[in-house]
Amino acid sequence: MTTRLTVAQALVRFLAAQYTERDGERRRLIGATWGIFGHGNVAGLGQALVEYADVMPYHQGRNEQSMVHAAVGYARQSNRLSTHAVTTSIGPGATNLVTGAALATVNHLPVLLLPGDVFATRPADPVLQQLEVPYAGDVSVNDALRPVSRYFDRVMRPEALIPAALQAVRVLTDPVGTGAVTLALPQDVQAEAYDWPDDFFAERTWTVRRPGADPTELARAVELLRAARRPLVVAGGGVHHSRAEEALAAFAGATGIPVASTQAGKGSLRYDHPQDVGAIGHTGTATADELARTADLVIGVGTRWTDFTTASGTLFAHPDVRFLNLNIASFDGHKLSGTPLVADARSGLEALIEALLVHGHRVADSYVAEYGEDKARWEQRVDACYAAEEPDVRPTQPQVLGALDALVDESDVVINAAGSLPGDLHKLWRARSRDQYHLEYGYSCMGYEIPAAIGVKLAAPERNVWALVGDGTYLMMPTEIVTAVQEGVAIKVLLLQNHGYASIGGLSEETGGERYGTAYRYRAADGTFSGEPLPVDLAANAASLGMRVLRARTVRELRAALAEARAADTPTCVYVETETADTVSGAPPAQAWWDVPVAETATRPSAVKARELYERHVSTRRRHL
C-alpha cells in the first residue's frame, strides 16, 4: 500500500512517528518543529506543517541560530531522548544555522536541521540567494553545515528521502555519534509528490543503547583503582547524558574517592555531598585543583578533557599520575594516554562498584579528612563572596549569584554560556539537583541563554528556568524574548549590566591587551573606547519586546525582584547594574592556568610583562604519555 504525499508532507509524517526508548522510558523523538519561512521552505515544509499541525507542533522563531539553541536546550533537558527540528529558507536563513549546529555537535546534543536548498532541477540558475560556485555545480551554502553536522545529506530525489530520513534518526539516537543532523531539502523537491510505502510512516522505536564494559578493560580499571592512594574522579557531561548521577554517588560513597566536576558535569553530585569537591580546572575551586595536582590516578567519567579542565596541560602534576577514562566514546577514552573503559557511564560505574566491593576497596580515612576540611574552607570563601553586609548598595556579580542562590531550590534551572559568569558560577554555584546547573561551555556561545531557556521550559514547564545574561550576551541575541511572550513561556531572565565584556576585558589585561576594545564606552580623544559608559537601557529594550521588567538598583531591591520574578507566571526580566566591566571583582581568582598565547615581541610594558609570566606557565606544561 502507498500514500501519495509531497516530500515535505512525508517527512513531517515520518518524524511524528519516531520514538526513543531507554530504561523503559519511551519518548517522542521530535517533539516540535521550529521555523522561519522564506521562499525556500514556505511552500514545502511550511505547507506540510499546516497540513499536519495536529501531529507536529510548530514554534515561530525570530532568528535561525536561536531556534537551534532552543532545540538544544530542549534536547539537553530531555536527556537527549527527545529534540526539536528546525526549518529555514535558503541563503542567510540556512547559513545562520551554522553556529547553532556547531554548538550542538560539540556538546553531543541532538538537533535536526532542515534548511531549504536551491532547485534540484535547475529551471532557473541562479535563483534568489543562490551561491554560484564556478568550479562545482552541486555546491550550495548548505555545504557550510557539513563540518559541523554528525550527518549530512541533500535529498535530490523524492525516493532518496527514505534512506536519508532513516540515517538521520539513527544518528540522532546514537549516544556516541549524536549532534546536529542536516537534511538539505531543495525547494522544488520539497513540493514534489511521490507514492510512499505506508510502512515508512509506521511508528518506530529506537533504543538508546547502554553498552557495558569489556571484561578485560574492567579488570585493568579495577587494578588501577586498587593501587591508587590519591585517586580523583572528574565528572563530565556524560554523567548527565547517561543519568549516572546515582551510580556516581554510590561509587563515591563506597570508595571515598572525591569527585570534581567540569562545567558540563557540575551537579553530578549535590554540592553538599561529602565527596563533592566542586569545579575543576581554570575555573575550578582551590579544593579540587589542589587534589588534581597531587592525584596519582585521575578517573574521567564522561569528560572530553578540554583545556579548561586540564589547565592547558599544567594541572595534573604528580610525577606518576595515570588516567582511567570511563567514556562511551572510544575517541575520548584514549585521551591523555589513559586506560580506556569504553562503556556507558552508568553501566561502567555500576560494574566498577560491583568489582570493587568484592575487595572492600576504600581510600584512607586521612585522605577523606584532608579534602573534607579543604571543602569546608572553600564553602566559607563562597559564603564571603555571596555576603552583602550593605544591602543598599549596588551588588557585585557574586552577590547577584548569592541572592539567587538563597532563593532557589532543587526545582530551579540556571542557564548560562559565556562571559565572566561561567567562571563565577563554576566556582561558586551550589548545585542542588542533577539538572539545575545548565552551562553550555563546550562552544561557550554568546546568545545561547535566552533561547535555550525557552527550550528547557518547553521540556519542563513545571520548573523555574533562569537565563543568566550579561549585557554583551544580551546584545547578541535578545530576539527570542518575543517568542517567549508570544507563547507564554514563563522564563526568567536575570540581566546583568556592567557596560562591556568583563571576561575578555580581564583576559585582555592579563595578556597585554590593556582591555582595548572591551568596554561599552564612548570613544575618547585618544581613539580608545575609554569615555563615559554608553547610555544604553537594556531594561527598556527587554520591555519593548514585551517582557515584564523589574529593575533592581541595590542588593535589597535585587532580592525582592528575584522573589517576585520567581513567582511570576509570565516571562519576566530582572535587570541589575553591577560594577563596570573594567572593575569587575568579588570572585576568587583563577586557581589554575589557561593557555592564551601572548605576543612574543612587543614594545608596550604590559605585553612584555605578560609574556614573561606566560613563559613561566608554559614551562610547567606536561604531555601525559
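Residues numbered from 1 in each chain as written. Predicted model: local features only at pLDDT ≥ 70, side-chain atom pairs only at ≥ 80, totals over all residues. Heavy atoms only, no water.

### Considerations on the overall build of the protein
Thinking step 1. Helix and strand content of the protein: 24 helices and 23 strands.
Thinking step 2. The globule rule puts the C-alpha radius of gyration for 625 residues at 25 Å, and the 25 Å found for the protein is close to it.
Thinking step 3. Its C-alpha atoms give the protein principal-axis dimensions of about 70 × 70 × 55 Å.
Thinking step 4. Relative to its full complement of 625 residues, the protein shows a buried share of 58%.
Thinking step 5. Accessible surface computed for the protein: about 24400 Å², of which carbon and sulfur atoms make up 52%. (Helix = DSSP H or I, 4+ residues; strand = E, 2+ residues; numbered from the N terminus. Rg over C-alpha atoms; globule rule 2.2 N^0.38 Å. Buried < 20%, exposed > 50% of the residue type's maximum accessible area, 1.4 Å probe, protein only. Areas by Shrake-Rupley, 256 points an atom, 1.4 Å probe, with all protein chains shown as cover.)

### A short note on the state of the cysteines
Thinking step 1. One pass over the full model with this rule turns up zero disulfides.
Thinking step 2. A disulfide-free cysteine, Cys-573 has its sulfur positioned 20 Å from the sulfur of Cys-445, the nearest such atom.
Thinking step 3. A residue is classified by how much of its surface remains accessible, and Cys-573, at 0% relative accessible area, is buried. (Disulfide = S-S within 2.5 Å.)

### A few points about the nonpolar core
Thinking step 1. Leu-225, Phe-251, Ile-280 and Phe-316 are the most contacted members of the largest nonpolar core, which totals 51 residues.
Thinking step 2. A total of seven residues in this core trace back to one element, the largest contributor, which is helix 14 (residues 345-359).
Thinking step 3. Listed in part, the 47 residues of the second largest apolar core include Trp-34, Ala-101, Ala-102 and Ala-184. (Core = buried A, V, L, I, M, F, W, Y, C linked by side-chain atoms within 4.5 Å.)

### What about the environment of Ala-48?
Thinking step 1. Tracing the chain through its elements places Ala-48 in helix 2 (residues 42-51).
Thinking step 2. Separated by 43 residues in sequence, Ala-48 and Leu-5 place their C-alpha atoms 9.5 Å apart.
Thinking step 3. Not counting the four nearest positions on each side in its chain, Ala-48 is found in contact with Ala-8, Gln-9 and Val-12. (Contact = heavy atoms within 4.5 Å.)

### Quick word on empty space enclosed by the protein
Space left empty within the atom packing is revealed by a probe, the size of a water molecule, rolled over the atoms.
Thinking step 1. Inspection of every chain in the model, using the stated rule, returns four cavities of 30 Å³ or more.
Thinking step 2. The space that makes up the largest cavity amounts to roughly 160 Å³.
Thinking step 3. Those elements giving two or more residues to the lining of the largest cavity turn out to be strand 14 (276-279), helix 15 (365-386) and helix 17 (421-428). (1 Å grid on protein atoms, 1.4 Å probe; cavity = no way out; pocket = protein on both sides within 12 Å on 5 of 7 lines; lining within 4 Å. Points joined across faces, edges and corners; volume = space filled by probe spheres on them.)

### Overview of the sheet that holds strand 23 (residues 572-577)
Thinking step 1. If you walk across this open sheet you meet the six strands as 19-18-20-21-23-22, and the pairing is parallel. Strands at the two margins of the open sheet, each flanked by one partner only, are strand 19 (437-439) and strand 22 (548-552). Averaged over all neighbouring strand pairs, the angle between strand axes comes to 20°, with direction disregarded.
Thinking step 2. Strand direction decides the pairing type here: strand 21 (residues 492-497) and strand 23, joined by six bridges, are parallel. Bridge pairing in strand 23 places Val-493 opposite Cys-573.
Thinking step 3. Strands strand 18 (413-416), strand 19, strand 20 (465-470) and strand 21 of the sheet are contacted by helix 18 (residues 449-459), whose axis makes an angle of about 175° with strand 20.
Thinking step 4. Of the strands in this sheet, strand 20, strand 21, strand 22 and strand 23 touch helix 23 (residues 555-567), which is tilted by about 160° from strand 22. (Pairing = 2+ DSSP bridges. Axes fitted to C-alpha atoms, helices over the stretch in contact; angles between N-to-C directions.)

### Focus on the pattern of salt bridges
Thinking step 1. Under the criterion given, the structure shown has 37 salt bridges.
Thinking step 2. As a salt-bridge pair, Arg-154 and Asp-117 come within 2.7 Å of each other at their nearest N and O atoms. With Arg-154 in strand 8 (residues 151-154) and Asp-117 in strand 7 (residues 111-117), the pair connects residues that are 37 residues apart, well separated along the chain.
Thinking step 3. For Arg-154, a relative accessible area of 14% corresponds to the buried category.
Thinking step 4. Two residues, Lys-335 and Asp-332, come together in a salt bridge whose shortest N-O distance is 2.8 Å.
Thinking step 5. When its relative accessible area of 22% is taken as the criterion, Lys-335 is described as partly exposed. (Salt bridge = Lys/Arg side-chain N within 4 Å of Asp/Glu carboxyl O.)

### Here we look at the environment of Gly-61
Thinking step 1. Tracing the chain through its elements places Gly-61 in the loop between strand 5 (58-60) and helix 3 (64-77).
Thinking step 2. Spatially, the C-alpha atom of Gly-61 lies 8.7 Å from that of Thr-479, the residues being 418 residues apart in sequence.
Thinking step 3. Setting aside its immediate chain neighbours within four residues, Gly-61 contacts Trp-34, Gly-35, Ile-36, Met-67, Glu-480 and Thr-483.

### Concerning helix 11 (residues 286-294)
Thinking step 1. Buried within helix 11 we find Thr-287, Ala-288, Asp-289, Leu-291 and Ala-292.
Thinking step 2. The elements touched by buried residues of helix 11 are strand 12 (231-235), strand 13 (259-261), strand 14 and helix 15.

### Section: the sheet that holds strand 4 (residues 30-35)
Thinking step 1. If you walk across this open sheet you meet the six strands as 5-4-6-7-9-8, and the pairing is parallel. Since the sheet does not close on itself, it has two edges, and those belong to strand 5 and strand 8, each with one partner. Ignoring which end each strand starts from, the neighbouring axes of this sheet average 20° apart.
Thinking step 2. Note that strand 8 and strand 9 (residues 180-186) share four bridges and pair parallel. Among the inter-strand pairings, Phe-152 is bridged to a residue of strand 9, identified as Thr-182.
Thinking step 3. Of the strands in this sheet, strand 4, strand 5, strand 6 (83-88), strand 7 and strand 9 are in contact with helix 2, which crosses strand 6 at around 135°.

### Focus: the pairing of strand 16 (residues 322-327)
Thinking step 1. Most of strand 16 is tucked away, with five of its six residues classed as buried.
Thinking step 2. Here five bridges tie strand 15 (residues 297-301) to strand 16, and the two strands are oriented parallel to one another. When the bridges of strand 16 are listed, Val-301 appears paired with Leu-326.
Thinking step 3. Here strand 16 pairs with strand 17 (residues 339-342) via four bridges, running parallel. Directly across from Leu-324, in strand 17, lies its bridge partner Thr-339.

### A look at unusual backbone geometry
Excluding glycine, residues mostly have negative phi values, and the peptide bonds linking residues are mostly trans.
Thinking step 1. Each neighbour pair has its own omega, and for Asp-125 with Pro-126 the value is 10°, a cis peptide bond.
Thinking step 2. Inspection of the secondary structure puts Pro-126 in the loop between strand 7 and strand 8.
Thinking step 3. Although it is not a glycine, Ser-337 adopts a positive phi angle of roughly 55°.
Thinking step 4. Structurally, Ser-337 can be placed in the loop between helix 13 (330-333) and strand 17.
Thinking step 5. Its identity as a non-glycine residue notwithstanding, Ser-444 has a phi of 45°, on the positive side.
Thinking step 6. Position of Ser-444 among the secondary structure elements: in the loop between strand 19 and helix 18.

So, to be careful, I would describe these as geometric facts and stop short of saying anything about function.
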